Amino acid sequence: MTYTVTRSDRASRFGSAGLIATAAILTTVPVFFIATVVQQLTSLFVFVILAVMWNALAGYGGMVSVGQQAFIGFGAYGTVFLTNRDIHPYVAVVLAAVASAILAAILAPLVLRLKGGQFAVGTWVIAEALALLIILDHSLGGGTGVSLRGLNVYSPDDRRSYTYWLALAFLVVLLVAVFLLLRGRTGPGLQAIRDDEEAAASLGVRVWPLKAGLYVLAGFGCGAAGALIMANTLFIEPRSIFGVQWTAYMIFMVLVGGIGTFEGPLFGALLFFAVQYWFADYDAWYLIGLGLTAGAFALFLPHGLWSLVQKRSGLRLLPVGYHLQRDGPGD
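Think of each chain on its own: its residues are numbered from 1, step by step along the sequence as written. Per-residue local features are limited, in this predicted model, to residues with pLDDT of at least 70; the limit for side-chain atom pairs, both in listing and counting, is 80 or more; totals at the level of whole chains, interfaces and linings are taken over all residues. Only heavy atoms go into the side-chain values, all of them from the structure, while hydrogens and water stay out.

Trainee: So what exactly am I meant to see when it comes to the overall build of the protein here?
Mentor: Runs of H or I in DSSP of at least four residues are treated as helices and runs of E of at least two as strands, each being numbered from the N terminus. Looking only at helices and strands, the protein features 15 helices and 4 strands. Taken over 331 residues, the protein has a buried fraction of 47%. Between two residues, a contact is recorded if the distance between any of their heavy atoms is within 4.5 Å. A separation threshold of at least 6 residues defines the contact pool for the protein, and within that pool the share at least 24 residues apart is 82%. Here the term buried applies to any residue with accessible area under 20% of the maximum for its type, exposed to any over 50%, and partly exposed to those in between, with areas from a 1.4 Å probe on protein chains only.

Written as C-alpha cells, this is what we have:
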C-alpha cells in the first residue's frame, strides 16, 4: 500500500476567494452602517489579529507566550511617541507596528533561548518591565495614561472610518502572511519544531531562523493590534494595555476556536467578541470564567470547536497542512 503527500488546492482556492470577497464587502461597512458598528468591528478585527498571532506562535511554533502584551503596549505607546514628534497618526500606527517587529528581533536572541515554562515566564517578565518603564516616563503620561490627540483633526465619523479601514488592511495582510508562511515549506518545519525541536534540528530543519521569524511576525502583529487599540479608543494607561488579561483573551480565543488550525482562531475571536459584549461588565468573574472555559476546552476538546465543524461537515476553508492520500493496495 502506497501513499502520496498532497495539499487541498481546491479548498485553498475556494477559501482564498471567500477571503477576498469578504474583505471587499467589509470595506463598505463605514459607508452603510452607524458609527457604533464601525467601532465595534474595528475591535473585532483587533481580536482576530491577536488570536491569529498567538495561534501562530503556540499552535504552529510551540512557543507558548504569556507576554505578547509587551508588543501590544509597545505598539500603542509607540504610536503616541511618534505622533508627539509630528508624525501623522496613521503613519505612526504603521511605524509603531514595524518598531514592535524590531523590538521582537532584538529580544529574540534572549527569549528564544528559553524553553517551555521558562519561555512563558520570560515573556511575561519582559511585558512587566516595559510597563514599569512607561510608568516612569512622565512624557508618556506615566501611570495615569495618555491620549492620542493627533486624531482630533478628523471628525469622529472620519476617524472611525479611517481606523476601521487600516485595521482591516492589517488583518488581511497578516492573514495572508500567516497563510503563506504555513502553506510553504516553513509550515511543516515549524510544526516539526513544535512537536520535537531536537528531532527537527537533527532532520535539517533550521530551528533558530524559523522560530525567530515567527516571533518577529507575532511581534509585528501584536504591535499593530496595540496601535489600532490606541487609534480606536484614543486613550490608554499602562496597567491596562500591558495587562496579562490580553494573554487570557488570546488563549481563550485560540483554545476555544481550535489551536493549530488556520480557521479556529477566527471562529474563536467571533465567539469571544460575543462573550465580551454580554459579560465584560462582570469584571474579575468574567476573567475567571474565561480561564475556566479555556481550561475545560484544553482538557476535554483540545482541538476546539472548529474540529467539530470539520468532522461533521468536512469543511476546510484554508487548509495549510499536508495529508496522506492512499493510492491503492500494494505489497
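Trainee: Explain the nonpolar core here, please?
Mentor: Across soluble globular proteins, you tend to see nonpolar side chains buried next to one another. What makes a nonpolar core is a set of buried Ala, Val, Leu, Ile, Met, Phe, Trp, Tyr and Cys residues whose side-chain atoms join them at distances within 4.5 Å. Judged by nonpolar contacts, the single largest core of 97 residues is most densely connected at Leu50, Met53, Phe170, Tyr215, Ile241, Trp246 and Met253. If one sorts the elements of this core by residue count, helix H3 (residues 35-60) sits on top with 17 residues. Not counting chain neighbours up to four residues away, the residues in contact with Trp246 comprise Phe47, Leu50, Gln69, Ile72, Ile229, Ser240 and Ile241.

Trainee: Can you help me understand the environment of Gly67 in this one?
Mentor: When you line up the elements, Gly67 lands in the loop between H3 and helix H4 (69-83). C-alpha of Gly67 to C-alpha of Thr123: the two residues are 56 residues apart in sequence and 4.4 Å apart in space. Those residues in contact with Gly67 that sit more than four places away from it in its chain are Thr123, Trp124, Ala127 and Thr247.

Trainee: When you look at the environment of Leu110 in this model, what are you seeing that I'm missing?
Mentor: As for its placement among the helices and strands, Leu110 is situated in helix H5 (residues 89-111). Judged by its relative accessible area of 55%, Leu110 falls in the exposed class. Each C-alpha atom of the pair Leu110 and Gly122 lies 9.2 Å from the other, and the pair is 12 residues apart in sequence.

Trainee: Help me understand the confidence of the model for the protein, please; the structure alone is not making it clear to me.
Mentor: Any residue range with low pLDDT should be treated as having predicted coordinates unsuitable for detailed reading. Looking at any residue, its pLDDT shows the predictor's confidence there, from 0 to 100. Mean pLDDT over the protein: 85, with 88% of residues reaching 70 or higher. Averaged pLDDT values over the elements of the protein bottom out at 50 in strand E1 (residues 2-6) and peak at 96 in H5.

Trainee: So what exactly am I meant to see when it comes to the packing of helix H8 (residues 186-195) against helix H10 (residues 207-233) here?
Mentor: The relative placement of two packed helices comes down to the angle between their axes together with the axis-to-axis distance. Note on method: axes are straight lines fitted to C-alpha atoms, helices fitted across the in-contact stretch only, with angles between N-to-C directions ranging 0 to 180 degrees. Here H8 crosses H10 at 100°, and the two axes come no closer than 10 Å. With respect to their mutual orientation, H8 and H10 come out roughly perpendicular. On the side of H8, the interface is formed by Thr186, Gly189, Leu190 and Ile193, while H10 contributes Val207, Leu210, Lys211 and Leu214. Residue type decides the class: Asp, Glu, Lys and Arg count as charged, Ala, Val, Leu, Ile, Met, Phe, Trp, Tyr, Cys and Pro as nonpolar, and the leftover types, Gly among them, as polar. Tallied by class, the residues present in the contact of H8 with H10 amount to 5 nonpolar, 2 polar and 1 charged. Between 65 and 115 degrees an angle is taken as roughly perpendicular, under 35 as roughly parallel, over 145 as roughly antiparallel, and anywhere else as oblique.

Trainee: Just checking my understanding: could you explain the packing of H4 against helix H6 (residues 116-136) for this structure?
Mentor: Running from N to C, H4 and H6 point in directions that differ by 25°, and their axes come no closer than 8 Å. Of the possible angle classes, the one that applies to H4 and H6 is roughly parallel. Residue-level contacts link Gln69, Ala70 and Tyr77 of H4 to Trp124, Ile126, Ala127, Leu130 and Ile134 of H6. Looking at the contact of H4 with H6 residue by residue, the classes come out as 7 nonpolar, 1 polar and no charged.

Trainee: Can you walk me through the packing of aromatic side chains in this structure?
Mentor: A ring pair, where both rings are aromatic, is described by two values, the distance of the centres and the angle of the planes. In this scheme Phe, Tyr and Trp rings, the latter by its six-membered ring, pair at centre separations within 6.5 Å, and the angle between planes marks the pair as stacked below 30 degrees, edge-to-face above 60, and tilted otherwise. Summed over the entire model, instances satisfying the criterion amount to 15 aromatic pairs. Here the aromatic rings of Tyr154 and Tyr162 are separated by 5.3 Å at their centres, their planes lie at 75°, and the arrangement is edge-to-face. We classify Tyr154 as partly exposed; its relative accessible area is 23%. By way of ring pairs, the aromatic residues Phe47, Trp246, Tyr249, Phe252 and Phe272 are connected into one cluster. Each ring is checked for a lysine NZ or an arginine CZ that lies within 6 Å of its centre and within 35 degrees of its normal; such an atom marks a charge sitting over the ring. Above the face of the Phe81 ring, Arg85 is positioned so that its terminal group lies 3.7 Å from the ring centre.

Trainee: Whenever I open this one, the pattern of salt bridges confuses me. Can you help?
Mentor: Pairing between side chains becomes possible if they bear opposite charge and their charged atoms approach one another. What counts as a salt bridge is simple: a side-chain nitrogen of Lys or Arg found within 4 Å of a carboxyl oxygen of Asp or Glu. Under the definition given, this model contains 2 salt bridges. Arg239 serves as the salt-bridge partner of Glu128, at 3.7 Å between the closest nitrogen and oxygen. Here Arg239 lies in helix H11 (residues 238-241) and Glu128 lies in helix H6, a separation of 111 residues in the sequence. Note that Arg160 and Asp157 form a salt bridge whose closest N and O atoms lie 3.4 Å from each other. Pair noted here: Arg160 and Asp157 are both in helix H7 (residues 156-183), with a separation of 3 residues, about one helical turn.

Trainee: How should unusual backbone geometry be read in this particular structure?
Mentor: Excluding glycine, residues mostly carry a negative phi; peptide bonds, for their part, are mostly trans. Phi angles above zero are rare outside glycine, and Asp86 is one such case at about 65°. As for its position among the elements, Asp86 is in the loop between H4 and H5. Taking the relative accessible area as the measure of exposure, Asp86 reaches 76% and is therefore exposed. At Leu234, a position not held by glycine, the phi torsion is positive, near 70°. Along the chain, Leu234 turns up in the loop between H10 and strand E3 (235-236).

Trainee: Before we go on, may I ask you to explain a nonpolar patch on the surface in this structure?
Mentor: Patch definition: residues above 30% relative accessible area lacking any salt bridge, with like charges linked at up to 9 Å and the nonpolar side chains Val, Leu, Ile, Met, Phe, Trp and Tyr linked at up to 5 Å. Computed with a 1.4 Å probe, the accessible areas rest on the Shrake-Rupley method; for each residue, only the protein chains presented here act as cover. There is a patch of nonpolar side chains on the surface, built from Val31, Phe32, Phe33, Tyr162 and Trp165 and spanning about 560 Å² of accessible area. Contributions of two or more residues to the nonpolar patch are made by helix H2 (29-32) and H7. Tracing the chain through its elements places Phe32 in helix H2. Residue Phe32 is classed as exposed on the basis of its relative accessible area, which comes to 65%.

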